[in-house]
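So you can see what is in the structure, the chains are spelled out below.
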Amino acid sequence: MPHQHFERDVTGSPGPRVDQPASGRPSAPRHEDGTPARLLVVDDEPVLAELLLDSLTFAGYQVQVARSGSEAMQVATQARPDLMVLDVNLPDFNGFVVAARLRAAGHQVPIVFLTARDAPTDLRDGFGAGGDDYLTKPFRLEELCLRVEAVLRRTMDRTGSFGNTVAVADIVLDMDSRQVWRGSRPIDLSPTEFRLLHHLAVNSNKVLSRADLLRHVWGYETEADSSIVETYISYLRRKVDSTDPALIHTVRGAGYILRVPRP
């Protein structure tokens, strides 16, 4: 069966179309034992849900579908997917609520939001609820597959050459348990916040540009909206720098730095 190269915009309305087939099957991330990454697609529109199921399955993933927020939380708890593709508009409660409740219950499954909402406040709500990426409708199925792959490649990689802990000033990151402390105070971070803090910490006292952070934390090799960086830096400061002295600083026109306090 030939690989389908998806180019049409997906709006969520009935009758989405795909372009002509092209050669080459995408390579989906896999577990160390060779089993495919597990995805949970949450969407109440039957046509779109079926299209996402077919395209992501064909891309090499193991895919389950949920039709409501309550079903999504139940399946996420039982099946422990590697990633959730979560529509914001659901029949019982919206995707932001689903994400926030999962995070409050301790579930760290990466989440890619799908939504027709594109206001800055909606973007902040999505990332504030614990989302790892945010794709607005209409979108291309090819772009969704690329974003899913990028998120999985950074979240499924649990090893590193930096050892088991990273310490800067009074911040300690435990890479095995994915826990963070500042002094004796534990800090609860989302997976994306943890990756951002880790990248800042291993490059402490070095200015990192927004492009560098997008590349190393979010996996974006191409130009992307840098507001995602500003949003997450703001989240991180509220949690990490609630204790003096402040460690995360903005270098105007250059980027951000996690700087050890000067004596």
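Rules and cut-offs
- Residues numbered from 1 in each chain as written.
- Predicted model: local features only at pLDDT ≥ 70, side-chain atom pairs only at ≥ 80, totals over all residues.
- Heavy atoms only, no water.
- Pairing = 2+ DSSP bridges.
- Helix = DSSP H or I, 4+ residues; strand = E, 2+ residues; numbered from the N terminus.
- Axes fitted to C-alpha atoms, helices over the stretch in contact; angles between N-to-C directions.
- Contact = heavy atoms within 4.5 Å.
- Core = buried A, V, L, I, M, F, W, Y, C linked by side-chain atoms within 4.5 Å.
- Buried < 20%, exposed > 50% of the residue type's maximum accessible area, 1.4 Å probe, protein only.
- Domains from an automatic or database assignment.
- Phe/Tyr/Trp six-rings, centres within 6.5 Å; stacked < 30°, edge-to-face > 60°.
- Salt bridge = Lys/Arg side-chain N within 4 Å of Asp/Glu carboxyl O.
- Parallel < 35°, antiparallel > 145°, perpendicular 65-115°, else oblique.
- Left-handed = near helix turned anticlockwise from the far one by under 90°.
- Nonpolar A, V, L, I, M, F, W, Y, C, P; charged D, E, K, R; others polar.
- Right-handed = clockwise from strand over helix to strand, strands pointing away.

1. Notes on the sheet that holds strand β8 (residues 165-168)
Taken in spatial order, the four strands make up an open sheet running β8-β9-β10-β11, and their pairing is antiparallel. For this open sheet the edge positions go to β8 and β11 (185-187), each flanked by a neighbour on one side alone. Each adjacent strand pair in this sheet contributes to an overall mean axis angle of 20°, direction not counted. In the sheet, strand β9 (residues 171-174) pairs with strand β10 (residues 179-182) via four bridges, with the strands oriented antiparallel. Paired with V172 across the strands is W181, a residue of β10. Where helix α6 (residues 191-202) meets the sheet, it contacts β8, β9 and β10, and its direction lies at approximately 120° from that of β9. Set on the sheet, helix α8 (residues 227-240) makes contact with β9, β10 and β11; between it and β11 the angle comes to about 160°.

2. A word on the nonpolar core
Within the largest apolar cluster, 52 residues are counted, with the highest numbers of intra-cluster contacts made by M84, L86, L173, L196, L197, L213 and W218. Counting residues per element, this core draws most heavily on α8, at seven residues. Of the residues that make up this core, three or more belong to each of domain 1 (38-156) and domain 2 (165-258).

3. Comments concerning the packing of aromatic side chains
Scanning the model with the defined rule gives four aromatic pairs in all. When the ring of F96 is compared with that of F113, the centres are 5.1 Å apart and the planes differ by 80°; the resulting orientation is edge-to-face. Remark: F113 occurs in strand β5 (residues 111-115) and F96 occurs in helix α3 (residues 95-104); sequence separation between them is 17 residues. A relative accessible area of 8% means that F96 is categorised as buried.

4. Re the pattern of salt bridges
A complete count under the given rule lists 12 salt bridges for this structure. Across the salt bridge formed by E142 and R140, the nearest N and O atoms sit 3.3 Å from each other. Classification of R140 by relative accessible area gives partly exposed; the value is 31%. For D212, the salt bridge goes to R215, with nearest N and O atoms at 3.5 Å. Here the residue D212 and the residue R215 both occupy positions in helix α7 (residues 210-218), the gap between them amounting to three residues, near one helical turn. Each of R103, D132 and R195 takes part in a single network of salt bridges with overlapping partners.

5. Some thoughts on the packing of helix α1 (residues 46-58) against helix α5 (residues 141-155)
Between two packed helices, what matters for the description is the angle formed by their axes and the separation of those axes. Two elements in contact, α1 and α5, have axes separated by 11 Å at closest approach and are oriented at 60°. By the angle between their axes, α1 is oblique relative to α5. In this structure, α1 meets α5 at a crossing whose hand is right-handed. Facing L51, L52, S55 and L56 of α1, the residues of α5 in contact are L141, L144 and C145. Its residues assigned to classes, the contact of α1 with α5 comprises six nonpolar, one polar and no charged.

6. A word on unusual backbone geometry
With an omega dihedral of 0°, the bond running from K137 to P138 counts as a cis peptide bond. Within the element layout of this structure, P138 appears in the loop between β6 (133-136) and β7 (139-140). The omega torsion of the bond from D244 to P245 falls at 0°, within 30 degrees of zero and hence cis. The backbone phi angle of R80 is positive, close to 50°, even though this residue is not glycine. Along the chain, R80 turns up in the loop between α2 (69-79) and β4 (83-87). Of note in the backbone geometry, A169 takes a positive phi value of approximately 55° without being a glycine. A169 sits in the partly exposed class, given a relative accessible area of 45%.

7. Quick look at the pairing of β5
With respect to burial, β5 is a largely interior element, five of its five residues being buried. What you see with β5 is no split at all: I111, F113 and T115 on one side and V112 and L114 on the other are buried throughout. Of the pairings in the sheet, the one linking β4 to β5 comprises four bridges and is parallel in character. Directly across from M84, in β5, lies its bridge partner I111. With α3 bridging β4 and its parallel neighbour β5, the resulting β-α-β unit is right-handed. Of the pairings in the sheet, the one linking β5 to β6 comprises four bridges and is parallel in character. The residue of β6 that forms the bridge with V112 is D133.

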